[in-house]
Every structure is written in structure tokens, then in C-alpha cells.
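Reading the structure
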Amino acid sequence: MLDWILEIFDFMPVEASSWASRVDYINNVITVISVFCTVAITFVMILFAWKYRRKSENQKTAYITHNATLETIWTIIPTIICFVLFYFGYTVYHEMRNPPVGANEVFVKGQTWYWDFQYANGKKSTGELVVPVGEPVKLIMTSADVLHSFFIPAMRVKEDMYNGNYSYLWFTPTSSGTFDIFCTEYCGTQHSGMTAKLKVVSKEAYNDWLNEKKDPSAEPVLPEVTGKAIYTAKCAACHSLDGSKVVGPSFKGIYSGAKHVLQDGTEVVVDDNYIRNSIANPLSQIVAGYPPVMPAFQLSEDELIGVISYMKTLK
Ligand code: HEC
Ligand SMILES: [Cu+2]
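None of the values given here were measured: they were computed from a predicted structure.

Notes on the nonpolar core
Among the nonpolar cores identified, the biggest contains 36 residues, and Trp115, Leu129, Leu139, Phe150, Phe171 and Leu198 are the most heavily contacted of them. When residues of this core are assigned to domains, at least three fall in each of domain 1 (2-46 + 66-96) and domain 2 (104-216). Counting 24 residues, the second largest nonpolar core, distinct from the first, contains Ile230, Tyr274, Ile279 and Leu304.

What follows is the structure, encoded as C-alpha cells:
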């Protein structure tokens with residue numbers, strides 16, 4: 001019966017990720033409850049207005065102040081419904097905010113009015129995001145200018161992207177095909193044209209695409225190679241790779257997920273945003289036990305991707 005009612009609401013985009021059916025189910029249940037309540041309350045309101053209308057000039061209406069039983073019931077039942085909806089919503093949300101370790105990472109840069117993508121092997125694409133079917137994909141996203149928002153309706157994922165900061169989202173595509181990507185943050189005159197295509201392909205096709213070499217002279221450089229060069233030129237004087245303390249903390253195992261304690265006592269888990277912030281605003285988060293002497297570096301988005309990718313290799 002419930003499934004049959006939910007069928008009526010089947011006007012959503014295709015379901016092509018492991019989130020899709022769960023997101024739609026919650027959405028449909030909320031819609032069914034809302035439609036039911038709206039219709040029922042409106043009907044009863046009109047009915048009662050008519051039924052209990054004043055029928056003669058000197059008719060006195062009943063003097064009712066409250067009804068404790070009714071009020072308790074209409075408080076408790078909606079509260080229970082809200083908690084049940086919250087439970088289902090939160091479980092999906094919690095999973096959405098915790099990408100699995102080992103997901104295929106793709107860096108995404110939004111700018112007025114197109115999208116750039118960079119893959120783990122340094123390959124870049126514009127306006128076309130290619131991912132393998134059945135494997136988790138994590139997008140690490142930033143904006144080169146104003147606010148944008150990355151939306152793939154078929155995957156049921158959407159996340160804002162900011163200048164100078166990384167946001168992320170992840171999904172596991174469950175069917176192959178080409179899907180639309182939209183910007184859903186009004187970002188200027190050509191906002192509506194800020195679209196791209198998501199191509200979900202087989203693992204083999206993905207690997208072929210990732211490693212295809214159209215032009216041997218323009219072979220992609222591994223981001224960690226770029227990162228290592230930057231490290232040697234700009235960071236090695238103060239940061240070691242072998243665990244020893246030089247001027248600053250060693251980069252060895254920096255991505256292990258361990259907590260780092262800051263000067264003010266707060267604990268942080270090292271992630272892409274922490275690294276990014278440590279480079280651009282070193283004085284905003286000072287590691288406990290070290291002097292605040294690190295200069296700020298203005299690295300380009302590609303250089304940041306390089307340094308971050310390189311640090312992830314330092315086990
Ligand atoms: C002049 C020395 C110096 C240079 C050069 C330097 N740093 Fe630092 N760095 C420090 C010090 C000191 C700290 C610890 C205090 C702090 O957090 O500011 C630090 C902290 C960090 C942290 C936080 C480490 C942690 O364990 O939480 C990161 C990440 C970092 N630096 C990245 C870089 C990168 C990337 C470069 C090169 C582009 C660089 N640093 C260049 C001195 C330096
Ligand atoms: Cu935009």
C-alpha cells in the first residue's frame with residue numbers, strides 16, 4: 001500500500017547512485033505525510049466552519065478554553081513522526097559526510113562559468129567528469145571566484161563550493177550513462193549555462209580514458225611529482241620527511257588521521273582543508289610546541305593539489 005502511494009510521487013530524476021533510492025524514499029514519505037495533513041486539516045477546517053456556524057442571532061457559542069487530552073495527542077504524535085524522519089534523514093546524511101577511505105578522488109574547480117576536473121594521475125578535463133561505475137568517488141571542490149554549487153541530480157548529491165577552501169561530496173554510481181551536472185548557486189549572467197556532463201563508465205573504460213595519451217608532449221604530470229618539487233624548493237628547510245623535528249613538524253604520516261594539538265588546545269584532524277589553511281594562513285592554526293614562524297605561501301590550485309597529493313604519499 002505504502003509503496004503504491006509512493007509510486008504516485010515517482011517524478012524524480014533517474015536513480016543512478018547508491019544514495020538515490022534512500023533520498024527519494026525519505027522525500028516521498030515526507031511528501032505523503034505533508035499532503036495527507038494539508039488535505040485532512042483543510043477539509044476538517046472547512047467542515048467545522050460550516051457545521052458549527054452561528055445559526056441564529058442570539059445563539060451562544062460554547063465556551064471552550066482547552067482540551068488537555070487532545071493537545072497532548074497532537075503534540076506527541078507529530079513529535080514522534082519528526083523524530084522518525086530525523087533518524088532516517090540523519091543516517092543518510094551521516095554517511096554522506098563520511099567518504100570511505102580509498103574512494104577515487106577528483107579535484108573540482110568551479111569558475112564563472114565552467115568546471116575543471118583533475119584526477120589522481122594528473123589528467124585534467126573540463127566540462128566532463130568521468131568516473132567508474134560501482135566505485136565510490138570523492139570530489140574535493142573549490143571555487144576560483146564566487147560561490148558555486150555542484151549538483152548532480154541523478155546522484156542526489158549537491159554541495160556548495162567556496163573560494164580559498166575545500167568542500168567535498170561523495171557517491172557511488174550504480175548505473176552507467178551520461179548525467180547532467182548543474183551549478184545551483186546563482187553566480188552571474190551565465191549561471192544557467194554552467195553545466196557539465198557526468199560520464200559513468202565501466203572500470204576498464206575508465207582506466208583507458210584516464211591513461212589515454214592523445215598528445216605525448218602533453219602527458220599529465222602526477223600531482224605528487226609537482227608537490228614534491230614544491231616541497232623541495234619551499235618547505236624542506238623547515239619540514240622533514242623522516243619524522244624528525246626541524247623548525248616545523250615532520251610531514252611523515254601527516255595524513256594518518258591522527259589528531260594534531262594546536263597551541264590553543266584544540267585538536268584537529270589533518271585533512272585537505274587543514275593543509276590548505278596551514279599553507280595560506282599559517283598563523284591561524286599554530287601547532288602546539290612550535291614557534292609561529294611559518295611564512296604564508298600563495299600557491300595556485302594546481303600547486304595545492306600537488307602538495308596535498310604528495311603529503312598523502314608520505315606514510
Ligand atoms: C620557515 C620555516 C617553514 C617553512 C619554509 C614552511 N613551514 Fe610549514 N610550518 C612551520 C612551522 C614552525 C610550523 C608549526 C607552527 C605552525 O603551525 O605554524 C609549520 C606547520 C605546518 C603545517 C601543519 C603541520 C602539522 O603537523 O599540523 C603544515 C601542513 C605546513 N607547515 C605546510 C608547509 C608547506 C606545504 C610548506 C612549503 C610550501 C611549509 N610548510 C613551509 C615552518 C615552516
Ligand atoms: Cu556557478
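From this point on, the discussion continues.
Remarks on the packing of helix H6 (residues 272-280) against helix H7 (residues 301-313)
Look at H6 against H7: their axes get within 10 Å of each other, and the N-to-C directions meet at 120°. In terms of axis orientation, H6 runs oblique to H7. The handedness of the crossing between H6 and H7 is right-handed. Seen from H6, the contacting residues are Asp272, Ile275, Arg276 and Ile279; seen from H7, they are Glu301, Leu304, Val307, Ile308, Met311 and Lys312. The residue makeup of the contact of H6 with H7, split by class, is six nonpolar, no polar and four charged.

A look at the packing of aromatic side chains
Applying the stated rule across the entire model yields 11 aromatic pairs. On the basis of an interplanar angle of 75° and a centroid distance of 5.0 Å, the ring pair of tyrosine 119 and tryptophan 209 is categorised as edge-to-face. Taken together, the residues span a long stretch of sequence, with tyrosine 119 in strand E2 (residues 114-119) and tryptophan 209 in helix H4 (residues 203-211) at a distance of 90 residues. The exposure class assigned to tyrosine 119 is buried, which follows from its relative accessible area of 1%. Residue tryptophan 209 is classed as buried on the basis of its relative accessible area, which comes to 15%. On the basis of an interplanar angle of 55° and a centroid distance of 5.9 Å, the ring pair of tyrosine 231 and phenylalanine 251 is categorised as tilted. Residue tyrosine 231 is located in helix H5 (residues 223-235), and its partner phenylalanine 251 is located in the loop between H5 and strand E11 (259-261); the two are separated by 20 residues in the primary sequence. A single burial state applies to tyrosine 231 and to phenylalanine 251, both of which are buried. Following the ring pairs from residue to residue traces out a cluster consisting of Phe86, Tyr90 and Tyr93. The positively charged end of arginine 276 is found above the aromatic ring belonging to tyrosine 166, 4.6 Å away from the centroid.

Comments concerning the confidence of the model for the protein
The share of residues in the protein with pLDDT of 70 or more is 96%, and the mean pLDDT across the chain is 91. When pLDDT is averaged over each element of the protein, strand E6 (residues 148-152) comes out on top at 97 and helix H1 (residues 2-8) at the bottom at 67.

A closer look at the coordination of the copper ion (ligand 2)
The protein atoms donating to the copper ion (ligand 2) are His148 (ND1), Cys183 (SG), Cys187 (SG) and Met194 (SD), with metal-donor distances spanning 2.0 to 2.5 Å. Here the copper ion (ligand 2) is ringed by four donor atoms whose angles at the metal span 93 to 125°, and the overall shape comes out tetrahedral. Linear spacing of the donor residues for the copper ion (ligand 2) on their chain is H-x34-C-x3-C-x6-M. Each member of the pair, cysteine 187 together with methionine 194, is buried.

Considerations on the coordination of the iron atom of ligand 1
Surrounding the iron atom of ligand 1 are the protein donor atoms His239 (NE2) and Met294 (SD), at 2.0 to 2.1 Å. Each of the six donor atoms around the iron atom of ligand 1 contributes to a set of angles spanning 87 to 179°, which defines the coordination as octahedral. Taken together, the residues span a long stretch of sequence, with histidine 239 in the loop between H5 and E11 and methionine 294 in the loop between H6 and H7 at a distance of 55 residues. Taking the relative accessible area as the measure of exposure, methionine 294 reaches 30% and is therefore partly exposed.

Thoughts on a nonpolar patch on the surface
On the surface, Phe43, Val44, Leu47, Phe48, Trp50 and Tyr52 cluster together into a nonpolar patch covering about 650 Å² of accessible area. Assignment of secondary structure puts phenylalanine 48 in helix H2 (residues 20-51).

Considerations on the pattern of salt bridges
Across all of its chains, the model carries 11 salt bridges by this definition. A salt bridge links lysine 197 to aspartate 180, with the nearest nitrogen and oxygen atoms 2.5 Å apart. Taken together, the residues span a long stretch of sequence, with lysine 197 in strand E10 (residues 195-201) and aspartate 180 in strand E9 (residues 177-183) at a distance of 17 residues. You can call lysine 197 partly exposed: its relative accessible area is 38%. The network of salt bridges with common partners includes Glu105, Asp272 and Lys312.

Focus: the environment of isoleucine 254
Here isoleucine 254 lies in the loop between H5 and E11. When the C-alpha atoms of isoleucine 254 and threonine 313 are compared, they prove to be 9.5 Å apart, with 59 residues separating the residues in sequence. In this view, isoleucine 254 contacts His260, Val270, Ile275, Met311 and Leu314; residues no more than four positions away in its chain are not counted.

Calculation rules
Residues numbered from 1 in each chain as written. Chains lettered and ligands numbered in written order. Predicted model: local features only at pLDDT ≥ 70, side-chain atom pairs only at ≥ 80, totals over all residues. Heavy atoms only, no water. Core = buried A, V, L, I, M, F, W, Y, C linked by side-chain atoms within 4.5 Å. Buried < 20%, exposed > 50% of the residue type's maximum accessible area, 1.4 Å probe, protein only. Domains from an automatic or database assignment. Axes fitted to C-alpha atoms, helices over the stretch in contact; angles between N-to-C directions. Helix = DSSP H or I, 4+ residues; strand = E, 2+ residues; numbered from the N terminus. Parallel < 35°, antiparallel > 145°, perpendicular 65-115°, else oblique. Left-handed = near helix turned anticlockwise from the far one by under 90°. Contact = heavy atoms within 4.5 Å. Nonpolar A, V, L, I, M, F, W, Y, C, P; charged D, E, K, R; others polar. Phe/Tyr/Trp six-rings, centres within 6.5 Å; stacked < 30°, edge-to-face > 60°. Lys NZ or Arg CZ within 6 Å of the ring centre and 35° of its normal. pLDDT = per-residue confidence, 0-100. Donors = N, O, S within 2.8 Å, 3.2 Å for Na, K, Ca; no water. Tetrahedral: all angles 85-135°; square planar, octahedral: opposite > 155°, others 65-115°. Patch = residues over 30% accessible without salt bridge, like charges linked within 9 Å, V, L, I, M, F, W, Y side chains within 5 Å. Areas by Shrake-Rupley, 256 points an atom, 1.4 Å probe, with all protein chains shown as cover. Salt bridge = Lys/Arg side-chain N within 4 Å of Asp/Glu carboxyl O.

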